[in-house]
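# What the coordinates show
Each chain is listed here by its residues.
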Amino acid sequence: MRALSIALAGALLASTPAAAQTVEEQALLHQLTGEVRPERMRADIEALVGFGTRHTMSDTISDTRGIGAARRWAQREFEAISRDCGGCLTVVTPSDTVTAARVPTPTEVVNIVAIQRGTGDPNRVIIISGHIDSRVTDVMNFTSDAPGANDDASGVAAVLEAARVLSKHRFEATLVFAVLSGEEQGLLGGKIVADYAQAQGWRVEANLNNDIVGNSEGQSGVRDTTRVRVFSEGTKTVETEAQEERRRYNGGEVDSSSRNLARFVDGLADRYLANFDVEMIYRTDRYGRGGDQVEMLRHGFPAVRISEGAENYDRQHQDLRTEDGVEYGDTIEGVDFDYLGQVARLNIVAMAALANAPASPLGVTIEGAVKPDTTLKWRAVPGAAGYRVWWRSTTAPQWTHSRWAGSATELVLPGIVIDDYFFGVSAVSDDGYESPVVFPGPAGSFVSVGDPAPRPTQ
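Criteria and cut-off values
Residues numbered from 1 in each chain as written. Predicted model: local features only at pLDDT ≥ 70, side-chain atom pairs only at ≥ 80, totals over all residues. Heavy atoms only, no water. Core = buried A, V, L, I, M, F, W, Y, C linked by side-chain atoms within 4.5 Å. Buried < 20%, exposed > 50% of the residue type's maximum accessible area, 1.4 Å probe, protein only. Contact = heavy atoms within 4.5 Å. Pairing = 2+ DSSP bridges. Helix = DSSP H or I, 4+ residues; strand = E, 2+ residues; numbered from the N terminus. Axes fitted to C-alpha atoms, helices over the stretch in contact; angles between N-to-C directions. Expected span 1.5 Å × (residues − 1). Polar contact = N/O pair within 3.5 Å; in protein donor to acceptor, adjacent residues only side chain to side chain.

## Focus: the nonpolar core
Membership of the largest hydrophobic core comes to 74 residues, with the highest contact counts inside it found for Leu-29, Phe-78, Leu-166, Phe-177 and Met-351. In this structure, Met-351 is in contact with Ile-126, Ile-128, Ala-162, Leu-166, Leu-175, Val-176, Phe-177 and Leu-208, ignoring residues within four places of it in sequence.

Written out as structure tokens, the structure is:
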């Protein structure tokens, strides 16, 4: 059987057109970039800022002020989007009553989530998220105005715009648009949506968490509209002790599913966005800080944080005031809507590419110790017309070499020594959509295993 698989792979490689052996561009993804409207996101942020404060513990009864009014507004927006697409979205409100270090009295934390069910592989799920709550200097102050225009009305606006654009199209996998609450009080909404995904039995292939994505002018005053940062963990939060030992010896510390998701997003930016680059940051989040994607990682789901390239800390977690001529506070004047439009395009292209591609290959293994050749094996996944084997130098940030394997589930790379490279496998649909690359073994698998990781005390 092994010889047959290798022979079949070689025959397919020899007979496959050269175009099938390279990454293809997709007309739909180019089309989607033209459907983004920054003016709609401006209206979203104006509406959210208009609620005064959206602190998790703020008013839930008023129709004009507080987190309750903001959540109901977001739900109405999703419902309107669903009406425009013939009811293609199911809107749910996962919630929990929480008491925590930053929530001293029992408080209901409610997420607003819209689900666009996939047409072919609906249990495979792609999630975009942003958090609707806001804060000022004192994280416990729930009465003062906290506009939260960039942190994180910008992320919510990107989520809503993704829903508006993608709901006009149909995809193989399920798309989930999540507006989360309670982030500033301890990533509460992130945990609630991760628990919900787990309870639904979703295979979450990606979470794109957008948090602080609308500003282009950094603390120095220099404006940079050409880059966005994508943060990704190197080793999995849910890694077991045995997996850690194996990974330390054989590699994988820069090839978690989240890291290869980041590489996937980076590649899409290079192909589909003009003058806009992804800067991959080899870190789960900014130093000493966190976002809702951390809770997805604790559940074993691949997740990245998307944040603007240059932050202005005078506009984050600040009381509204002017001191020594410096204006503090997260107001709408600090949002660059053309830049936010580019971030939204990146998210939309990534979601569409992931949802139309086959699932990432399962059970990827590698052999080649004390041999001149390297052999990779994997299990077939639904919707894959073929597979591509990738490799790169162990110090290279991106995959650099590939070989088409056809529909075989095993490929030998003659003369490619296992010791000198990192390897992976991607799945390709018959129309050329390609999954992220999967590094061999548990270190790189896109399928979570085991229970959620323990949560540190907030």
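## Brief notes about the sheet that holds strand β16 (residues 401-406)
Pairing in this open sheet of 3 strands is antiparallel, and the strands run β16-β15-β18 from one edge to the other. For this open sheet the edge positions go to β16 and β18 (421-428), each flanked by a neighbour on one side alone. The average undirected angle you get between the axes of adjacent strands in this sheet is 20°. Examined bridge by bridge, strand β15 (residues 386-393) and β16 share 5 bridges and lie antiparallel to one another. Bridged to Val-389 within β16 is Arg-403.

## A short note on helix α10 (residues 337-356)
If you check α10, its first and last C-alpha atoms are 28 Å apart, about what 20 residues at 1.5 Å a residue would give, namely 28 Å. Where burial is concerned, most of α10 is hidden: 19 out of the 20 residues are buried. Residue Asp-336 occupies the N-cap position of α10, its side-chain oxygen lying 3.2 Å from the main-chain nitrogen of Asp-338.

## Let's talk about the sheet that holds strand β9 (residues 277-281)
Pairing is mixed across the open sheet formed by 8 strands, whose spatial order is β1-β4-β6-β5-β7-β10-β8-β9. Among the strands making up the open sheet, the edge pair consists of β1 (89-92) and β9. Neighbour-to-neighbour, the strand axes of this sheet turn through a mean angle of 20°, independent of strand direction. Pairing of strand β8 (residues 227-231) with strand β10 (residues 303-308), which is carried by 4 bridges, proceeds in the antiparallel orientation.

## Quick word on the environment of Gln-31
You can see Gln-31 is positioned in helix α2 (residues 27-33). When its relative accessible area of 42% is taken as the criterion, Gln-31 is described as partly exposed. Considered as a pair, Gln-31 and Ile-115 are 84 residues apart in the sequence and their alpha carbons are 22 Å apart.

## Observations regarding the pairing of strand β7 (residues 203-210)
Among the 8 residues in β7, 8 count as buried, and that is most of the element. Pairing analysis gives 6 bridges linking strand β5 (residues 121-131) to β7, with the strands arranged parallel. Its bridge partner lying in β7, Arg-124 is registered against Arg-203. In the sheet, β7 pairs with β10 via 4 bridges, with the strands oriented parallel. Bridge pairing in β10 links Leu-208 to Val-304.

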